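Below, each chain spelled out in residue letters.
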Amino acid sequence: MRHANPVSNRSALRRHSLPISLLTMLHLASLAVLGLAGSESRADVDLPSKFSNQSSVRNTRHNLTQRQAAGGPSGVNMDPYRNDYAEVCVYCHTPHGANTNVGAPLWNRNIPSTTYTVYSSNSLTQSISQPGAASLVCLSCHDGQQAVDAIMNMPGSGRYSSAPNTGFLNTWSNPSGLGPFAHAGLKDGECLACHASNAGIVGTGAADFTLAAIGTDLRDDHPVGVTFPTTNGDGTDWKTPGGSFVVGGRTTKYYDENSNGRMDKGEIRLYDSGSGPSVECGSCHDPHGVATSGSLFNATFLRKPNAASAVCLTCHSK
Ligand code: HEC
Ligand code: HEC
Ligand code: HEC
Ligand code: HEC
Ligand code: HEC
């Protein structure tokens, strides 16, 4: 969340004037020809979306093929800017040749070494480290440092690279026949050349993704890579995560709200990347979407709705 601690004003910082790149101009021309008009209908998600946002990650913005089984956005608009692997999971996971350096299942993305500017404040009681694995997986797209289609193992055999670069990514042909000429990332001048309020085409279905382009400065985001205070429970500022899930000597703590003894996807959790239970992106978000009640996923991939600050009050007792 950027949400509570505006150390700096992200929007003001980010909305500096973007040069209209060749990329945008080419595309604007084709949009004009296609005569695209917006038709957004979902009100439950933070931004208008053509994805139905229910039942599967296939029907969410994390489907980077940009094609939903029934309806949804027109992926062809995106084909020039990222490889369409025609498989939803492969932008993040691979059955073979996975990146074992990162603590996420069968991970298909390189995690370049990046030094993040971390949150700081005088009132913190815990020290803040660099983001742990359960944040780095998200930042591998959301920090904008590499293209969203930069995967290590492309579908088909013999298409592996431990550090995918443009040459490697260019060996892919889109099933639509329209080859990508750019492998864009979530940053200014790339995906945000169109997906920003000042790009001129927001409203035609190219939503404003400025807030999702987190960058490498995490000072205006809820701290991640921060361990949970060991003094918690009644009379403290913290609620006690009652559940424990142990794998390979690492203990993930979770708030077992339905007391079933299982770490359910709707439950807020604290990951152990080596220094004890910590807050990471995955503490509050599930990248596949979670439906708490009814069939629509919670907005912004949250594990539970944040109505009445319910996400915050899971850990904090303020
Ligand atoms: C040249 C302009 C342009 C660029 C660059 C661009 N997009 Fe888009 N994007 C669009 C347009 C136009 C739509 C709307 C398509 C439609 O309504 O069918 C769209 C739709 C989307 C959607 C679906 C939105 C929704 O929920 O309905 C996603 C997700 C998306 N783009 C991601 C990306 C990503 C990731 C990148 C960078 C790799 C990117 N786009 C680059 C123009 C662009
Ligand atoms: C945008 C990235 C992304 C996409 C797309 C994605 N996943 Fe995941 N997946 C993740 C991350 C990140 C984790 C680790 C979650 C955590 O840390 O708890 C994960 C974890 C999992 C797990 C382990 C259980 C869990 O939920 O933690 C399974 C199983 C899984 N994914 C299956 C899939 C399948 C099947 C698809 C395609 C239909 C898919 N994923 C698409 C990012 C993704
Ligand atoms: C493969 C690249 C990729 C990975 C990995 C990834 N994301 Fe995303 N994510 C995107 C793109 C592209 C969008 C579309 C931009 C948007 O919706 O604002 C997006 C959108 C989002 C949104 C906004 C959804 C909305 O309704 O607007 C959230 C929240 C989010 N991601 C969280 C996460 C978290 C948390 C993780 C890790 C657990 C993660 N993402 C991993 C690419 C990725
Ligand atoms: C402590 C809980 C928490 C953590 C940790 C967290 N988020 Fe969020 N995030 C939220 C909430 C709640 C929202 C809903 C919007 C709001 O309240 O401002 C959100 C919104 C978002 C959005 C949508 C854009 C926006 O700002 O509204 C993106 C993208 C996102 N988070 C990505 C991430 C990533 C990536 C990480 C890790 C670096 C992360 N989040 C860590 C709680 C969290
Ligand atoms: C998974 C547990 C968890 C959740 C959920 C959570 N927080 Fe936190 N929060 C923490 C931890 C741990 C710290 C670091 C505390 C420390 O070092 O004293 C923290 C720090 C903070 C701080 C900084 C305090 C300071 O002294 O600078 C603020 C403000 C904050 N959280 C607000 C929120 C809000 C608002 C939400 C809901 C959107 C939220 N938190 C959700 C665990 C959580």
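Structure's up top.
Residues numbered from 1 in each chain as written. Chains lettered and ligands numbered in written order. Predicted model: local features only at pLDDT ≥ 70, side-chain atom pairs only at ≥ 80, totals over all residues. Heavy atoms only, no water.

Bringing the overall build of the chain into the picture now. From N to C terminus, the chain includes six helices and five strands. Scored against the burial criterion, the 318 residues of the chain give a buried share of 43%. Across the chain, the fraction of contacts at a sequence separation of at least 24, relative to all contacts at a separation of at least 6, is 55%. Just so you have it, the chain exposes about 15700 Å², and 57% of that area is on carbon and sulfur atoms. (Helix = DSSP H or I, 4+ residues; strand = E, 2+ residues; numbered from the N terminus. Buried < 20%, exposed > 50% of the residue type's maximum accessible area, 1.4 Å probe, protein only. Contact = heavy atoms within 4.5 Å. Areas by Shrake-Rupley, 256 points an atom, 1.4 Å probe, with all protein chains shown as cover.)

Close to ligand 1 lie 23 residues; Lys50, Met78, Cys191, Cys194 and His195 are nearest. In this structure, Lys50 approaches ligand 1 through a side-chain N or O atom, which is 2.5 Å from an oxygen atom. Within the contact set of ligand 1, an oxygen atom lies 2.6 Å away from a backbone nitrogen or oxygen of Ser74. Broken down by class, the residue content of the shell around ligand 1 amounts to twelve nonpolar, eight polar and three charged. (Near = heavy atom within 4 Å. Polar contact = N/O pair within 3.5 Å; in protein donor to acceptor, adjacent residues only side chain to side chain. Nonpolar A, V, L, I, M, F, W, Y, C, P; charged D, E, K, R; others polar.)

This brings us to the coordination of the iron atom of ligand 1. The protein atoms that coordinate the iron atom of ligand 1 are Met78 (SD) and His195 (NE2), at distances of 2.0 to 2.2 Å. Coordination at the iron atom of ligand 1 is octahedral, judged from the six donor atoms that bind it and the angles of 79 to 179° they form at the metal. Pair noted here: Met78 is in the loop between helix H2 (22-34) and helix H3 (133-142) and His195 is in the loop between helix H4 (166-169) and strand S1 (226-227), with a separation of 117 residues, a long-range link. A relative accessible area of 22% places Met78 in the partly exposed class. (Donors = N, O, S within 2.8 Å, 3.2 Å for Na, K, Ca; no water. Tetrahedral: all angles 85-135°; square planar, octahedral: opposite > 155°, others 65-115°.)

Next up on the list: unusual backbone geometry. Positive phi values are uncommon outside glycine, yet Asn53 reaches one of about 60°. If you trace the backbone, Asn53 turns up in the loop between H2 and H3.

Attention now goes to the nonpolar core. Residues Tyr85, Met154, Leu186 and Leu192 are the most contacted members of the largest nonpolar core, which totals 23 residues. Among the nonpolar cores identified, the runner-up in size contains ten residues, and Tyr119, Ile128, Ile268 and Val311 belong to it. (Core = buried A, V, L, I, M, F, W, Y, C linked by side-chain atoms within 4.5 Å.)

Direction of pairing for strand S2 (residues 243-247) relative to strand S3 (residues 250-254): antiparallel, over a ladder of five bridges. Opposite Val247, over in S3, you have Arg250 as the bridge partner. Taken together, S2 and the strand that follows it, S3, pair antiparallel across an intervening segment of two residues, in which Gly248 is found at a positive phi of about 55°. (Pairing = 2+ DSSP bridges.)

Turning next to the sheet that holds strand S5 (residues 277-279). Here five strands make up an open sheet; going across it, the order is S1-S5-S4-S3-S2 and the pairing antiparallel. One side of each edge strand has no neighbouring strand; the edge strands of this open sheet are S1 and S2. In this structure, strand S4 (residues 269-272) lies alongside S5, joined through two bridges in antiparallel fashion. When the bridges of S5 are listed, Asp272 appears paired with Pro277.

It is worth spelling out the pattern of salt bridges at this point. Between side chains of opposite charge, pairing is possible as soon as their charged atoms come close. Applying the stated criterion across every chain, the model contains eight salt bridges. Between Arg67 and Asp79 there is a salt bridge, with its nearest N and O atoms 3.0 Å apart. With a gap of twelve residues between them, Arg67 in the loop between H2 and H3 and Asp79 in the loop between H2 and H3 connect regions that are remote in the sequence. Among the residues examined, Asp79 registers a relative accessible area of 0% and is labelled buried. Asp237 is the salt-bridge partner of Lys318, the closest N and O atoms lying 3.3 Å from each other. (Salt bridge = Lys/Arg side-chain N within 4 Å of Asp/Glu carboxyl O.)

The next subject is the side chain of Lys304. Among the secondary structure elements, Lys304 is positioned in the loop between helix H5 (281-284) and helix H6 (312-315). What makes Lys304 buried here is its relative accessible area of 11%. Dropping the residues within four chain positions of it, Lys304 is found in contact with Glu257, Gly266, Ile268, Thr292, Asn298, Ala310, Val311 and Thr314.

A turn of α-helix holds 3.6 residues, and therefore any two residues three or four places apart point the same way. Where H3 is concerned, the buried positions are Ala134, Ser135, Val137, Leu139, Ser140 and Cys141. Two residues or fewer past H3, Gly144 is found with a positive phi of approximately 75°.

Inspection of the secondary structure assignment puts Cys89 in the loop between H2 and H3. By relative accessible area, which is 51% here, Cys89 ends up exposed. In sequence terms Cys89 and Trp107 are 18 residues apart; their C-alpha atoms lie 10.0 Å from each other.

Here two bridges tie S3 to S4, and the two strands are oriented antiparallel to one another. Considered in S4, the bridge of Lys253 is made with Leu270.

Quick look at the environment of Thr115 now. Following the sequence through the fold, Thr115 ends up in the loop between H2 and H3. Once the C-alpha coordinates of Thr115 and Gln130 are considered, the two residues, 15 residues apart in sequence, prove to be 7.4 Å apart.

Here we take up the side chain of Ser161. Along the chain, the position of Ser161 falls in the loop between H3 and H4. If we ignore the near neighbours within four places in the chain, the residues touching Ser161 are Met152 and Phe168.

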